[in-house]
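Understanding the architecture of this molecule
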Amino acid sequence: MILEAVDVSYRYEETTVFEQVTFQLAKGESVAIIGPNGAGKSTFLRLLAGVLRPAAGEVRLFGTPIETFRDWQKVGYVPQNPYRQQKSFPITVREVVEMGCLAGQRWWRRLSATDHRQVNEALELVGMAEYAGRRLGNLSGGQQQRVFVARALAGKPELMLLDEPATGIDLGAKQELYALLARLNREQGISLVMVSHDVELAAATTTRMLCLDRGGLCFVGSTEEALAHSLQHRLYHKLRRNE
Amino acid sequence: MEWLAYDFMQRALLAGVLVAFTCPVIGAFLVARRQSVIGDGLGHIAFAGVAAGWLLGWQPVASAALFTVLGAAAMEWVRKRNTDWPDLVLAIFFYSSMALAVILASMKQAGGLNLSSFLFGSLITVDAADLWLMGALGGIVWLVVSALYRPLVYLSFDETAARVSGLPTNTLNYLLAVLTALTVAVAMRIVGILLVAALMVIPVACALPGANGFRSLIARSVAYALAAVVVGLSGAYYGNFAPGGCIVLAATGLFVVRSLPAWR
C-alpha cells in the first residue's frame, strides 16, 4: 500500500469532525473522496498530506509513518482554490511549475538540467507549454488549475493528492481537467486521491469512491458500486442541495 | 549633482544605494505575503534597540539589528501560536516596543542621544562605521535570498503546498522574519525609524502592475527604490529637509505617476 490511514480521527477544538476512518490506497489506484459540505473531506485529505495531524490513529505514506516520511518528491499536492487567493501574485507559469522540483529535495540546492527538463515535460503533459512565460494571474481558472497540476507533476510523483481541483471553473474546463487526471492515472501510473463535489465526473475518472458523512466513513467501494448503490442517490441529492 | 562633491553626501548616497538594493528585495516577499505593515512594527522595535544601544554604549545600528532580530523571531513564535488574531499579536508587540523605547530614551543617561536623526534619518550623521555595518547586513540579506530564492518564493506563494513538498516552512518563516529585521536595521540610518517600512513597500507597489514574474518584480522594485533615493537625497540637500521624508515622498510620487494610467 502506498497510502494508509488507520482509525484516523480528527477534532477541531471541541467538535469531532470524523472518527476512526480507515482507508488504503494501492499503487496505480485512483480514489475520489465525496460527501456533503462539512463532512471533513478536505480535512481528511490534509491529514493524508501531513498538513494536519490526527487526534487519533495513524497515516502511513509508502509504508512510513507520516511524521518520519521524507520522500516528498513521491507526493504531488494540488490545494483547494490556489489561484483565487493568489490571483494578483506576480509570478509566471514557469516559476510556479519550478516550485514542484523542490519537493523532497535539499531546500538550498539549485535547479539542475534534469529539473528544467521535468518542468518542460510537466508543462507539455498538461498542455500549458506555450504559456510558460505568461503571468499566472492572466490565465483563466481552468488554465491556472492545469498549472498547479503541472507543479505537482514536476517532482515526478507516484501519488497525487488533489483538494477539489475543479472548484470554481466552468464545465468545459472541468471535463478537460478530469480527463487529464484520468490520463495521468492510466498512462503515467500516478495514483490519485481527490476530493470532489462533481460526483459524475469523479466517478468517470476514478476506480473507487469513499464517502464521508456524519462524522465517519459511510461508504467505500468501486465507482460502479457507488453509482449502483442507492446510497449514491441520497448522496447525490444531498450534494446538490449543498451546491 | 553638485551635492556629490561633499563627503557626507557621498556617504549618504552610498547608504541610500545600499538601502535601495536591500529594502525592496525583502519588501517583495512581505507584499506578496500580505505583510506590508510588518516593517513598520519592526521599526518601533529598532527604536528601542537604538535607545538601549545608546545606554549600553553600543553601535546603534548593531543594537537595533540585535533588537529587531530578536523581536522578529519572538513575533513569529507568538504568531504561530495565535493564528486567530495574528494582527492583534503584532499590534501588542509594536506598542510595547514603542513604550520601551520611550522609557529608555527618557532616561537621564540617554541625554546625549540625537533621537531625531534616528527617527527621521540623517545625511550628516552617517559615518564610515554605519556604512560598513549596513553593507555587511545588506550583503547577508542578498546572500540568503539568492541561496534560498525558490523556497522563499514557494513559501510566500503557497505555504501549504510548500509544507507538503517537505520544505521546512517554520524555519523559512523565521528566516524571513530575521531578514526583515536586518533590512530594517540597514535602512534605519538613512530613511529613519518612522519611515523605514515605506522603502520596503512603496517601490514594490510601483513595480507590481508591470511585473512579469517574481524576479521581474524584485528587479523593477530596486530600480524604483534607486530612483526614489537619488531624487529624495537631492531634495533633502537643496531643501535642507529630512532625507527619510524626501525619499519616501519621491517614492510615493513615482507610485502616483505609475498608477495614473490605471486610475484614468
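Residues numbered from 1 in each chain as written. Chains lettered and ligands numbered in written order. Predicted model: local features only at pLDDT ≥ 70, side-chain atom pairs only at ≥ 80, totals over all residues. Heavy atoms only, no water.

**A word on the overall build of chain A**
Check the secondary structure of chain A and you find nine helices and ten strands. Over its C-alpha trace chain A gives a radius of gyration of 18 Å, about what one expects of a compact globule, namely 18 Å for 243 residues. Split into buried and exposed, the 243 residues of chain A put 57% on the buried side. Of the contacts formed within chain A by residues at least 6 apart in sequence, a portion of 67% connects residues at least 24 apart. Counting every atom, chain A has about 10,400 Å² of accessible surface; 46% of that belongs to carbon and sulfur. Charge-centre separation for chain A: the mean point of 29 positive side chains lies 4 Å from the mean point of 27 negative side chains. (Helix = DSSP H or I, 4+ residues; strand = E, 2+ residues; numbered from the N terminus. Rg over C-alpha atoms; globule rule 2.2 N^0.38 Å. Buried < 20%, exposed > 50% of the residue type's maximum accessible area, 1.4 Å probe, protein only. Contact = heavy atoms within 4.5 Å. Areas by Shrake-Rupley, 256 points an atom, 1.4 Å probe, with all protein chains shown as cover. Lys, Arg positive; Asp, Glu negative; His and termini not counted. Charge placed at Lys NZ, Arg CZ, Asp CG, Glu CD.)

**Examining a nonpolar patch on the surface**
All names here are of chain B. Among the surface-exposed residues, Leu 56, Trp 58, Leu 66 and Leu 70 lie close enough to one another that they form a single nonpolar patch of about 430 Å² accessible area. In this fold, Trp 58 is placed in the loop between helix H2 (38–56) and helix H3 (60–81). Exposure remark for Trp 58: the relative accessible area of 44% places this residue in the partly exposed category. (Patch = residues over 30% accessible without salt bridge, like charges linked within 9 Å, V, L, I, M, F, W, Y side chains within 5 Å. Salt bridge = Lys/Arg side-chain N within 4 Å of Asp/Glu carboxyl O.)

**Some details on the side chain of Thr 206 of chain A**
Residues and elements named next belong to chain A. Relative to the elements of secondary structure, Thr 206 occurs in the loop between helix H7 (199–205) and strand S9 (208–213). On the basis of relative accessibility, which here comes to 5%, the residue Thr 206 falls in the buried class. Of the polar contacts made by the side chain of Thr 206, one reaches the backbone oxygen of Ala 202; its length is 2.7 Å. In this structure the side chain of Thr 206 is engaged in a polar contact, spanning 3.5 Å, whose partner is the backbone oxygen of Arg 208. Once residues within four sequence positions are removed from consideration, Thr 206 is found in contact with Ser 30, Val 31, Ala 32, Met 194 and Thr 223. (Polar contact = N/O pair within 3.5 Å; in protein donor to acceptor, adjacent residues only side chain to side chain.)

**Structural notes on the environment of Leu 172 of chain B**
In this fold, Leu 172 of chain B is placed in helix H9 (residues 169–191). On a C-alpha basis, the gap between Leu 172 of chain B and Cys 246 of chain B in space is 34 Å, while along the polypeptide they are 74 residues apart.

**Here's the deal with the sheet that holds strand S6 (residues 75–78) of chain A**
Residue and element names in this part refer to chain A. A sheet is described by the order of its strands in space; here six strands give the open sequence S6-S7-S8-S3-S9-S10, paired in mixed fashion. Two strands lie at the open edges of the sheet, namely S6 and strand S10 (216–222), each paired on one side alone. Strand-to-strand, the axes of this sheet are offset by a mean angle of 15°, without reference to chain direction. Bridge count for S6 against strand S7 (residues 159–163) is four bridges, and the pairing is parallel. Directly across from Val 75, in S7, lies its bridge partner Leu 159. Most of the contacts of helix H6 (residues 171–188) go to strand S8 (residues 191–195), to which it runs at about 150°, and overall it touches strand S3 (30–34), S7 and S8. (Pairing = 2+ DSSP bridges. Axes fitted to C-alpha atoms, helices over the stretch in contact; angles between N-to-C directions.)

**Topic: helix H1 (residues 7–32) of chain B**
The end-to-end C-alpha separation of H1 of chain B is 38 Å, in line with the 38 Å expected for 26 residues at 1.5 Å each. Where H1 of chain B terminates, the next one or two residues include Arg 34 of chain B, which has phi positive at roughly 60°. (Expected span 1.5 Å × (residues − 1).)

**Digging into the state of the cysteines**
This structure, assessed with the given rule, holds zero disulfides over all chains. Free cysteine: Cys 211 of chain A, not disulfide-bonded; nearest cysteine sulfur from Cys 218 of chain A at 3.0 Å. (Disulfide = S-S within 2.5 Å.)

**A closer look at the packing of helix H7 (residues 149–157) of chain B against H9 of chain B**
Residue and element names in this part refer to chain B. Here H7 crosses H9 at 100°, and the two axes come no closer than 10 Å. It follows from the interaxial angle that H7 and H9 lie roughly perpendicular. Residue-level inspection shows Pro 151, Leu 152, Leu 155 and Ser 156 of H7 in contact with H9, the latter providing Thr 169, Leu 172, Asn 173 and Leu 176. (Parallel < 35°, antiparallel > 145°, perpendicular 65-115°, else oblique.)

**Focus on the pattern of salt bridges**
Residue and element names in this part refer to chain A. Scanning all chains against the criterion turns up 13 salt bridges over all chains. Between Arg 60 and Glu 58 there is a salt bridge; the shortest N-O distance is 3.4 Å. A relative accessible area of 24% means that Arg 60 is categorised as partly exposed. Of the charged contacts, one joins Glu 121 and Arg 117 as a salt bridge, the two residues approaching to 3.7 Å between their closest N and O atoms. Remark: Arg 117 and Glu 121 occur in helix H4 (residues 113–125); sequence separation between them is four residues, near one turn of the helix. Judged by relative accessible area, Arg 117 falls into the partly exposed class, the value being 47%. A cluster of three or more residues bridged by salt bridges with shared partners is formed by Arg 117, Glu 121 and Lys 156.

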